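Notes for the structure review
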Amino acid sequence: MSERQSSQEIYLGLGSNLGNRLDNLRTAVKCLEIHHIHTKLFSSLYETPPWGYIEQPQFLNAAISATTDLSAHEILTKVKVIESQMGRTENNKRWQERLIDIDILLMPGQIINSTELQVPHSYLHERSFVLVPLAEISPDPIHPQIGLRIESLRDLRPLTERQSIKKISDREWFTKN
């Protein structure tokens, strides 16, 4: 039996482009809490163009910080359970439309490179739709493989790409009641 680690900060990306996108994001956050991933900070909500496969609806995206005493692989297991319970189906097509997508973006100071999990997220530095909301809530963490702050990585993305990320709501889109 492995020892339980102390609480750590993690950063997650949330996205939805099917159904009631806002409700999907709110439901995901509530489910994270149930699974011992305790949300702290919320970015604003952003409407973003699809990435990878562009023939699909716009996404709503946000970033959150949370604390948990779960390991990275336990977090991944919980995230997959939440996505499945919310109706996300697994298919072989990457970057397709989805009810919910929850990505582990960053766990400060940690690098994990296994078949099922890469932390930091393998595309973190290439995605304005992740970097814009993440830099809003936490600009200072250093990408441990690249050596640059999140804010710097955001600023290195092409201006036209960053301008396609439209803020549609302030941080009050999710309130803990």
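Scroll up for the structure.
Notes on the structure follow.

1. A word on helix α1 (residues 21-34)
Along an α-helix, residues three or four positions apart point the same way, because every turn accommodates 3.6 residues. A rise of 1.5 Å per residue sets the reference length of α1, with its 14 residues, at 20 Å; its end C-alpha atoms lie 20 Å apart and thus fit the reference within 8%. Its buried side turned inward, α1 meets β1 (8-16), β2 (38-42), β3 (45-48), β4 (59-68), α2 (72-85) and β5 (101-106).

2. Focus on the pattern of salt bridges
Summed over the entire model, instances satisfying the criterion amount to eleven salt bridges. The partner of Glu83 in a salt bridge is Lys80, and the shortest N-O contact between them spans 3.8 Å. Taken together, the positions of Glu83 and Lys80, both in helix α2 and three residues apart, correspond to about one turn of that helix. Given the relative accessible area of 41%, Lys80 is considered partly exposed. The partner of Lys167 in a salt bridge is Asp170, and the shortest N-O contact between them spans 3.6 Å.

3. As for the nonpolar core
Core analysis: the largest hydrophobic core is formed by 31 residues, its most contacted members being Leu12, Ile37, Ile75, Ile102, Ile104 and Trp173. Of all the secondary structure elements, the ones that give two or more residues to this core are β1, α1, β4, α2 and β5. The residues contacting Ile37, other than those within four sequence positions of it, are Ile10, Leu12, Leu32, Ala66, Thr67, Thr68, Leu70, Ile75 and Lys78. If you look at the next biggest cluster of nonpolar residues, it comprises 16 residues, including Ala63, Leu124, Phe129 and Ile137.

4. Regarding the environment of Asp155
When you line up the elements, Asp155 lands in helix α4 (residues 150-156). On the accessibility criterion, Asp155 (39% relative accessible area) is partly exposed. Through-space distance from the C-alpha of Asp155 to that of Thr68 is 29 Å; in sequence the pair is 87 residues apart.

5. Quick look at a nonpolar patch on the surface
A cluster of nonpolar side chains, Ile146, Leu148 and Leu156, forms an exposed patch at the surface whose accessible area comes to about 260 Å². Note on placement: Leu148 falls in the loop between α3 (128-137) and α4. Judged by relative accessible area, Leu148 falls into the partly exposed class, the value being 32%.

Rules behind the numbers
- Residues numbered from 1 in each chain as written.
- Predicted model: local features only at pLDDT ≥ 70, side-chain atom pairs only at ≥ 80, totals over all residues.
- Heavy atoms only, no water.
- Helix = DSSP H or I, 4+ residues; strand = E, 2+ residues; numbered from the N terminus.
- Expected span 1.5 Å × (residues − 1).
- Contact = heavy atoms within 4.5 Å.
- Salt bridge = Lys/Arg side-chain N within 4 Å of Asp/Glu carboxyl O.
- Buried < 20%, exposed > 50% of the residue type's maximum accessible area, 1.4 Å probe, protein only.
- Core = buried A, V, L, I, M, F, W, Y, C linked by side-chain atoms within 4.5 Å.
- Patch = residues over 30% accessible without salt bridge, like charges linked within 9 Å, V, L, I, M, F, W, Y side chains within 5 Å.
- Areas by Shrake-Rupley, 256 points an atom, 1.4 Å probe, with all protein chains shown as cover.

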